[in-house]
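Chain by chain, the residues run as shown.
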Amino acid sequence: HRVTLTLPPPTRHSPPMPDDLWLTDTYTWSLQQADLLRRLRAGERPKDLDWDNIIEEIESVGRSHKDQVESLVVQSALHLMKIHAWPDSTALRKWRADARDFLIQAQRIYRPSMARDLDLAGAYRYALRRIPYDRFTTAPQPVPTNGTIPLAAVADEDFSIDDLAAALFPPR
C-alpha cells in the first residue's frame, strides 16, 4: 500500500530554509527537499539539499517498518502468554483473536530484508515484561522465560497462531 503525496510544482528558486526546519516543521521540510531532489534529477544543482537529514529520514522509514513488525509480534506473543497464564479466563476468545490479528498484520508488513535486523528474542523478553499480572485475581500458570519467537512466524504467511503458540509453549 503506497501513499502518494501531491506536491507543489517545482520552483526555480525555493526560499531559503532555516537550519532547524527539519526539527520544527518536518512536513514543509520534506516538501522542500522533494522539490530540490526533483530539480537535481532534472539536471539542476540546488545548493540547499539537507543531505544528512534526508539520509536519516530514508533510514528511519525502513527502521519504522521493522519496529512495527516487532511491535506487532510482541502484541501477538503477549496475548498468547495471557492465554497460557490464565487458561480459565473468560477473555480467551478475544485474546486469541487479537493474537491472530497482530500476527497477520506483522506477516503483511514483514519483508525478507528485515530478517537479520529483527530482534525476535528481545520481542519475546519484552512481551514477558508486559504481562499484566496485577490485573488478575487468580494466580497465573508459569510462562517460560527463555522462549523465542521463530522467524517463520513473520516470514511465512501460513504460520498460524497455533504454530506460534506451539513454538512459544512446547509440551513438557
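Anyway, here's the lowdown on the structure attached to this text. It should be emphasised that the depicted structure is a prediction, and the values quoted were computed from it without experimental measurement.

## Section: the packing of aromatic side chains
Here's step 1: Summed over all chains, the structure comprises three aromatic pairs.
Here's step 2: Ring geometry for Trp 86 against Phe 136: centres 3.9 Å apart, planes inclined by 20 degrees, an arrangement best described as stacked. With a gap of 50 residues between them, Trp 86 in the loop between α3 (51-85) and α4 (92-109) and Phe 136 in the loop between α5 (120-129) and α6 (152-155) connect regions that are remote in the sequence.
Here's step 3: A residue is classified by how much of its surface remains accessible, and Trp 86, at 3% relative accessible area, is buried.
Here's step 4: In this structure Phe 136 comes out as partly exposed when scored by relative accessible area, which is 24%.
Here's step 5: Aromatic ring contacts, followed pair by pair, group Trp 86, Trp 95, Tyr 133 and Phe 136 into a single cluster.

## A word on the packing of α3 against helix α7 (residues 161-168)
Here's step 1: α7 packs onto α3 with a crossing angle of 70 degrees between their chain directions and a minimal axis gap of 10 Å. Looking at the two axes, α3 sits roughly perpendicular to α7. Of the two elements, α3 crosses α7, and the hand of that crossing is right-handed. Facing Ser 76, Ala 77 and Leu 80 of α3, the residues of α7 in contact are Ile 161, Leu 164, Ala 165 and Leu 168.
Here's step 2: Looking at the contact of α3 with α7 residue by residue, the classes come out as six nonpolar, one polar and no charged.

Rules used throughout
- Residues numbered from 1 in each chain as written.
- Predicted model: local features only at pLDDT ≥ 70, side-chain atom pairs only at ≥ 80, totals over all residues.
- Heavy atoms only, no water.
- Phe/Tyr/Trp six-rings, centres within 6.5 Å; stacked < 30°, edge-to-face > 60°.
- Helix = DSSP H or I, 4+ residues; strand = E, 2+ residues; numbered from the N terminus.
- Buried < 20%, exposed > 50% of the residue type's maximum accessible area, 1.4 Å probe, protein only.
- Axes fitted to C-alpha atoms, helices over the stretch in contact; angles between N-to-C directions.
- Parallel < 35°, antiparallel > 145°, perpendicular 65-115°, else oblique.
- Left-handed = near helix turned anticlockwise from the far one by under 90°.
- Contact = heavy atoms within 4.5 Å.
- Nonpolar A, V, L, I, M, F, W, Y, C, P; charged D, E, K, R; others polar.

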